[in-house]
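Notes for the structure review
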Amino acid sequence: MRKLNLMIFALLAMAMSSCNTKVDLYSDKGDSTVVYMMLDSHADTNYAKITKSFVGNVNELAQNYAASNYSYNEIKAYLLKDKVPQDTIWLDTVSKWIPYDPNSIFYSGCYQTYYYTARKLNSGVNYKLIINRNDGVTVSSNATTIDNFEFSIPNPEHGASLNITSPASGTVKWKNKGQNLQSNAAYFEVVAHFRYKEMMYEGAEPTYKEIKWVLGKGEAADLYNSQWCYYSVNYNPSALLSVIGNDPYLKNNSPYGVKRYIQRIRVEITGVGDEFYNYLIANNSSSAIQDTPDFSNIENGRGLMSSRVTNTAYLIPNEISRKEIISRFPSYGFVYDPNNPID
């Protein structure tokens, strides 16, 4: 058996919805702390994944919980708020099973310990993570939470009408809040979720489904309009027809009698910090030399600490659009019923 010093912590359910790659980090320097933390000022609870590497037979030790997890009192972890060092935010622990879900922050598929705080984090503030190990080693990193931003189009309160038959392009616009006109996010992605209520047969309990539709993405600097001080992406409204038509679930799960009612389209803008964006660049490198991306911003350890934030608004498919979807895909069971209004 080949023996490796393997950090089995699998980075990371990507903050960006289009990036779900898992990567194993390796080290040849013995026991090392592995950290993954994404600060989110909109979240009620912020989590950190703190594990350790091990030396030995991978096939035998990968299933050994103690080999890659610290036991109680082996480490103490906390956050320090920039310019307020006396404000210590201690991280509590919780052990639970995290099912496989590539869209979640963690998807280890096993029972592990997670570190968390229920303290609300401020936006645009640098936080330093400190991990004190009982062997005297201090592991640390820091990241700045993403500035708050808000939708201009669509209106977050009232939405905006979507006409997929119009030749005109659609636009999503947002602007930074506060004193800074430009966001401290390094990268943005704008994703829409086409939502519908499904009833497989008459009298069945309705369920809600959705299909992801990427509207645009790019470096923050490239999406910024310096004259009007807003960010934007343009998209083709009629592209939604291809998204619906090519959805594998609809293709394979549309029996006779199914009824589906079109709902509002949820639009999400996600911004991520420099550290995460640098990791994405390394992870998607086409280099033939670098097999495993060697990016880490953890002092005396390995891994990634960065930040992200997501804002949500809605698009409302107009009557013309809903009827176009219904007529274009008769086998999918979409129906127009005034008694089932858009939620």
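Residues numbered from 1 in each chain as written. Predicted model: local features only at pLDDT ≥ 70, side-chain atom pairs only at ≥ 80, totals over all residues. Heavy atoms only, no water.

1. As for the overall build of the protein chain
Worth spelling out the cut-off: Here a strand is any run of E in DSSP of at least two residues, a helix any run of H or I of at least four, and the numbering for each starts at the N terminus. Every residue pair with non-hydrogen atoms within 4.5 Å of one another is taken to be in contact. Only the protein chains shown count as cover for residues, and the accessible areas themselves come from Shrake-Rupley with a 1.4 Å probe.
Across its full length, the protein chain holds seven helices and 21 strands. Across the protein chain, every contact between residues at least 6 apart in sequence was considered, and the portion connecting residues at least 24 apart equals 69%. Just so you have it, the protein chain exposes about 17100 Å², and 47% of that area is on carbon and sulfur atoms.

2. With respect to the packing of aromatic side chains
Stated precisely, the cut-off is as follows: Any Phe, Tyr or Trp ring, taking Trp's six-membered ring, that has another such ring centre within 6.5 Å forms a pair; planes under 30 degrees apart are called stacked, those over 60 apart edge-to-face, and the others tilted. For every residue, the accessible area obtained with a 1.4 Å probe (protein chains only) is divided by the maximum for its type, and the residue is called buried under 20%, exposed over 50%, and partly exposed between those limits.
Tallied over the entire structure, the rule returns 14 aromatic pairs. Centre to centre, the rings of Y78 and W90 are 4.8 Å apart; their planes meet at 50 degrees, and the pair counts as tilted. Pair noted here: Y78 is in strand β6 (residues 75-81) and W90 is in strand β7 (residues 84-90), with a separation of twelve residues, a long-range link. Residue class for Y78 comes out buried when judged on its relative accessible area of 14%.

3. Brief notes about the environment of I262
Inspection of the secondary structure assignment puts I262 in strand β19 (residues 259-262). Classification of I262 by relative accessible area gives buried; the value is 5%. Between the C-alpha atoms of I262 and Y208, which are 54 residues apart in sequence, the distance is 9.9 Å.

4. So, the confidence of the model for the protein chain
How we decide: Note: pLDDT gives the predictor's confidence per residue, expressed from 0 to 100.
With 80% of its residues at a pLDDT of 70 or more, the protein chain has an overall mean of 84. When the criterion is pLDDT under 50, residues 1-27 qualifies, and its contacts beyond four places in sequence or with other chains add up to 107 contacts.

5. Structural notes on the pairing of strand β4 (residues 46-52)
Short version of the rule: Strands are labelled as partners when DSSP assigns at least two bridges between them.
In terms of burial, β4 is largely enclosed, as six of its seven residues are buried. The pairing of strand β3 (residues 33-39) with β4 spans five bridges and is antiparallel. Within β4, the position partnered with T33 by the bridge is K52. Here β3 folds back onto β4, and the loop between the two strands holds six residues.

6. Some remarks on the sheet that holds strand β18 (residues 230-235)
Spatially, β12-β14-β18-β17 is the arrangement adopted by the four strands of the open sheet, whose pairing is antiparallel. Both edges of this open sheet fall to β12 (149-153) and β17 (224-225), since each of them pairs with a single strand only. As defined by bridge partners, strand β14 (residues 170-176) adjoins β18 across five bridges and the pair is classed as antiparallel. Pairing of G170 across the sheet is with Y235, part of β18.

7. Observations regarding the nonpolar core
Cut-off, in case you're wondering: Put simply, buried Ala, Val, Leu, Ile, Met, Phe, Trp, Tyr and Cys residues joined by side-chain atoms within 4.5 Å make one nonpolar core.
Formed by 38 residues in total, the largest nonpolar core has its most connected members in V172, W174, F194, L240 and I325. L240 has contacts with L162, I164, F194, W213, I265 and I325, leaving out every residue within four places of it along the chain. Within the second largest apolar cluster, 21 residues are counted, among which are L39, A48, L79 and M305.

8. Looking at the sheet that holds β6
Rule in force here: Inter-axis angles, ranging from 0 to 180 degrees, are taken between N-to-C directions of lines fitted to C-alpha atoms, where helices are fitted over the stretch in contact.
Read across the sheet, four strands follow the order β7-β6-β10-β11 without closing on themselves; strand pairing throughout is antiparallel. Edge positions in the open sheet fall to β7 and β11 (138-144), since each of these has one partner strand only. Mean inter-strand twist for the sheet, computed between neighbouring axes without regard to direction, equals 25 degrees.

9. Notes on helix α7 (residues 319-328)
Each turn of an α-helix holds 3.6 residues, which means side chains three or four residues apart point in the same direction. Quick note on the threshold: The directions from the helix axis to the C-beta atoms form the arc being described.
Taken as a whole, α7 has its buried residues at S321, R322 and I325. The buried residues of α7 occupy an angular sector of 100 degrees when projected down its axis, which confines them to one face. Along α7, exposed side chains directed more than 90 degrees from the buried face belong to I320 and S327. Elements that come into contact with the buried residues of α7 comprise β13 (160-162), β15 (187-199), α4 (239-245), β19 and β21 (301-317).

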